[in-house]
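If you want the building blocks of each chain, they are given just below.
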Amino acid sequence: GESVGLHLPTLSVQEGDNSIINCAYSNSASDYFIWYKQESGKGPQFIIDIRSNMDKRQGQRVTVLLNKTVKHLSLQIAATQPGDSAVYFCAENGDGGATNKLIFGTGTLLAVQP
Amino acid sequence: ETGVTQSPTHLIKTRGQQVTLRCSSQSGHNTVSWYQQALGQGPQFIFQYYREEENGRGNFPPRFSGLQFPNYSSELNVNALELDDSALYLCASSSDSGRIHEQFFGPGTRLTVL
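Remember, predicted model here, so these are calculated numbers, not experimental data.

Rules used throughout
Residues numbered from 1 in each chain as written. Chains lettered and ligands numbered in written order. Predicted model: local features only at pLDDT ≥ 70, side-chain atom pairs only at ≥ 80, totals over all residues. Heavy atoms only, no water. Helix = DSSP H or I, 4+ residues; strand = E, 2+ residues; numbered from the N terminus. Rg over C-alpha atoms; globule rule 2.2 N^0.38 Å. Buried < 20%, exposed > 50% of the residue type's maximum accessible area, 1.4 Å probe, protein only. Contact = heavy atoms within 4.5 Å. Salt bridge = Lys/Arg side-chain N within 4 Å of Asp/Glu carboxyl O. Buried area = accessible area lost by both parts, 1.4 Å probe. Nonpolar A, V, L, I, M, F, W, Y, C, P; charged D, E, K, R; others polar. Pairing = 2+ DSSP bridges. pLDDT = per-residue confidence, 0-100. Phe/Tyr/Trp six-rings, centres within 6.5 Å; stacked < 30°, edge-to-face > 60°.

Novice: Looking at this model, I keep getting lost on the overall build of chain A. Mind explaining?
Specialist: In terms of regular secondary structure, chain A is built from zero helices and 11 strands. Over its C-alpha atoms chain A spans a radius of gyration of 13 Å, differing by no more than 12% from the 13 Å that the globule rule assigns to 114 residues. Structurally, chain A occupies a C-alpha span of about 40 × 30 × 20 Å along its principal axes. Taking all 114 residues of chain A together, the buried fraction comes to 44%. Contacts in chain A between residues at least 24 apart in sequence constitute 53% of all its contacts with a sequence separation of at least 6.

Set out below in structure tokens:
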């Protein structure tokens, strides 16, 4: 069945270090991927996205890497700050873009130590 | 602020009861998607409403139903509540169907079924 999973449920880093959050997806037909950040008591917040015709995309302090060969996605956060502490989800488009359906993974909790 | 609002914030019901959750989409958005997020899990797609019609559904039974109104606000109705329905219910709105990257999530409604 369809699934998007994460390798590490919890990641603890020191403030100022770089963070890497990994994700494996199973649907090779997916062509669009998003990373979301969810803080306690809030809904998911868009961070960065990438289409399957790209290997890498950079934003402000964040980079997403896509390896279609092994169906792997990663989110890199540079100079991690306490405000980055949250649960991070990867998600893929669930039906090729016909609707806004997203398939989410289970999430990784990022804990930033001061 | 995303502009997507949900009510109520929290709700407690007992098994067998019915519940209605509400979502006001962001101004200018005509598409609303609903997700169920169990504790420690990623959101699961329930269904999407586009211009007052359901146009996509996930693996949820018929006792999960919805409505979208002319102002594009939406309701999620759940009949015959079960304990496993306890979750955070999220709605997300966008300016059109098929525009995942412009989808904004509300803060959610926490439903507890006793």
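We are not done yet, so read on.
Novice: How should unusual backbone geometry be read in this particular structure?
Specialist: Among all residues save glycine, negative phi is the norm, and among peptide bonds the norm is trans. Residue Pro8(B) follows Ser7(B) across a cis peptide bond; omega there is -10 degrees. Mapped onto the elements of the fold, Pro8(B) is located in the loop between strand 1 (5-7) and strand 2 (10-13). We note that Lys71(A) has phi near 55 degrees; this positive angle belongs to a residue other than glycine. Locating Lys71(A) in the fold gives a position in the loop between strand 7 (62-67) and strand 8 (72-77). The backbone phi angle of Ala80(B) is positive, close to 45 degrees, even though this residue is not glycine. Within the element layout of this structure, Ala80(B) appears in the loop between strand 8 (74-78) and strand 9 (87-94). Among the residues examined, Ala80(B) registers a relative accessible area of 40% and is labelled partly exposed.

Novice: Even after reading the chapter, I still don't get the pattern of salt bridges, so can you show me in this structure?
Specialist: Side-chain pairs of opposite charge can arise whenever the charged atoms involved come near each other. Applying the stated rule across the entire model yields eight salt bridges over all chains. Measuring nitrogen to oxygen at the nearest pair gives 3.4 Å for the salt bridge that ties Lys68(A) to Asp55(A). Taken as a pair, Lys68(A) in the loop between strand 7 and strand 8 and Asp55(A) in the loop between strand 5 (45-51) and strand 6 (56-58) lie far apart in primary sequence, 13 residues in all. On the basis of relative accessible area, Asp55(A) is assigned to the exposed category, the value being 52%. Between Glu82(B) and Arg63(B) there is a salt bridge, with the nearest N and O atoms lying 3.3 Å from each other. Here the residue Glu82(B) occupies a position in the loop between strand 8 and strand 9, and Arg63(B) occupies one in the loop between strand 6 (53-57) and strand 7 (64-68), the gap between them amounting to 19 residues. Given the relative accessible area of 16%, Arg63(B) is considered buried.

Novice: How should I be thinking about the interface of chain B and chain A in this particular structure?
Specialist: How big an interface is tends to be reported as the loss of accessible area on association of its parts. At the interface, 25 residues of chain B touch 22 residues of chain A. Taking both sides of the interface into account, the surface hidden between chain B and chain A amounts to around 1,600 Å²; carbon and sulfur atoms contribute 56%. Its largest share of buried area at the contact with chain A, chain B owes to Ile100(B), His101(B) and Phe105(B), together 35% of the area lost on that side. The interface formed by chain B and chain A holds zero salt bridges in total. Those elements giving two or more residues to the side of chain B that touches chain A turn out to be strand 4 (31-37), strand 5 (44-50), strand 6 and strand 9 of chain B. Per-class residue counts for the side of chain B that touches chain A are eight nonpolar, 15 polar and two charged.

Novice: Even after reading the chapter, I still don't get the pairing of strand 11 (residues 109-113) of chain B, so can you show me in this structure?
Specialist: Working note: regular strand, side chains alternate between the two faces of the sheet. Residues and elements named next belong to chain B. Here strand 11 shows one buried face, formed by Thr109, Leu111 and Val113, and one open face, formed by Arg110 and Thr112. Relative to strand 11, strand 2 is paired through four bridges, and the arrangement is parallel. Its bridge partner being in strand 11, His10 is matched across the sheet by Arg110. With three bridges joining them, strand 9 and strand 11 adopt antiparallel strand pairing. Bridge pairing in strand 11 places Tyr89 opposite Thr109.

Novice: I tried to follow the confidence of the model for chain A on my own but got confused; where do I start?
Specialist: The predicted coordinates ought not to be read in detail in places where the model reports low pLDDT. Confidence in the prediction of chain A, expressed as mean pLDDT, is 90, and 93% of residues score 70 or more. Mean pLDDT across the secondary structure elements of chain A bottoms out at strand 1 (residues 4-5) of chain A, with 49, and peaks at strand 7 of chain A, with 98.

Novice: Can you help me understand the packing of aromatic side chains in this one?
Specialist: For any pair of aromatic rings, geometry is given as the distance between the ring centres together with the angle between the planes. Residue and element names in this part refer to chain A. Summed over the entire model, instances satisfying the criterion amount to 11 aromatic pairs over all chains. Ring centres of Tyr25 and Phe33 lie 4.5 Å apart, and the angle between their planes is 50 degrees; this geometry places the pair in the tilted category. Each of the two residues, Tyr25 as well as Phe33, counts as buried. Pairing Tyr36 with Phe104 gives two aromatic rings, centres 5.5 Å apart and planes at 40 degrees, and the pair type is tilted. Of this pair, Tyr36 sits in strand 4 (residues 32-38) while Phe104 sits in strand 10 (residues 102-104), and the two are 68 residues apart along the sequence.

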